[in-house]
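Examination of the molecular architecture
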Amino acid sequence: MISETIVVRCMHCSTKNRVALSRMDEGPKCGKCGSSLPDPRLDAPVDITDASFESEVMQSPVPVLVDCWAPWCGPCKTMGPVLDTLASEYRGKVKVAKLNVDENQGAASRFSIMSIPTLLFVKDGQILDTATGALPKQEISGRMDQMLLSE
Ligand SMILES: [Zn+2]
């Protein structure tokens, strides 16, 4: 059993809480004010697969930005740090997910992904927008904001 702990700053009172990683799934609360602590694992993009697509993306309580990529794709690599930053900036608002289309061709064919990188903007199980090619960060965040605003 790994008992790795992480320090999570409460978004309400800024107290730093030390939480065992194994307990993050239980929805830990701030030791001082009792507010729910943000899940810092959402700071980074989550890797998803054909198997987890439905639960991680289509049934996600928050909107999802899906990055469809492959290891051999140069422009996809360029997008990596951009998506890392966006995942952090939109923590708790938009989940950033990465789908390796080489290993997960089910989702790739389901959404007719012909070229990569392709971004899918998903809210409430609906694909609201797609974008193909390496885009500047402002372009992506603009579309994320639109997704957040849409009903
Ligand atoms: Zn607190």
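Just above, that's the structure.
To keep things clear, this report deals only with the structure shown in the data block.

Let us look at the nonpolar core. Taken as a class, soluble globular proteins show a tendency for nonpolar side chains to be buried jointly. Formed by 27 residues in total, the largest nonpolar core has its most connected members in L65, V66 and C68. At the level of elements, α1 (50-58), β4 (64-69), α2 (74-89), β5 (95-100), α3 (105-110), β6 (118-123) and α4 (137-149) are the ones that each hand at least two residues to this core. Residue contacts for L65: discarding those within four places in its chain leaves L86, V94, V96, L119, F121 and M144.

Right, let's get into unusual backbone geometry. With omega at 0 degrees, the peptide bond leading from I116 into P117 counts as cis. If you trace the backbone, P117 turns up in the loop between α3 and β6. For S112, which is not glycine, the phi torsion reads 50 degrees and is therefore positive. You can see S112 is positioned in the loop between α3 and β6.

Rules and cut-offs
- Residues numbered from 1 in each chain as written.
- Predicted model: local features only at pLDDT ≥ 70, side-chain atom pairs only at ≥ 80, totals over all residues.
- Core = buried A, V, L, I, M, F, W, Y, C linked by C-beta atoms within 7 Å.
- Buried ≥ 20, exposed ≤ 12 C-beta atoms within 10 Å, placed from the backbone.
- Helix = DSSP H or I, 4+ residues; strand = E, 2+ residues; numbered from the N terminus.
- Contact = placed C-beta atoms within 7 Å.

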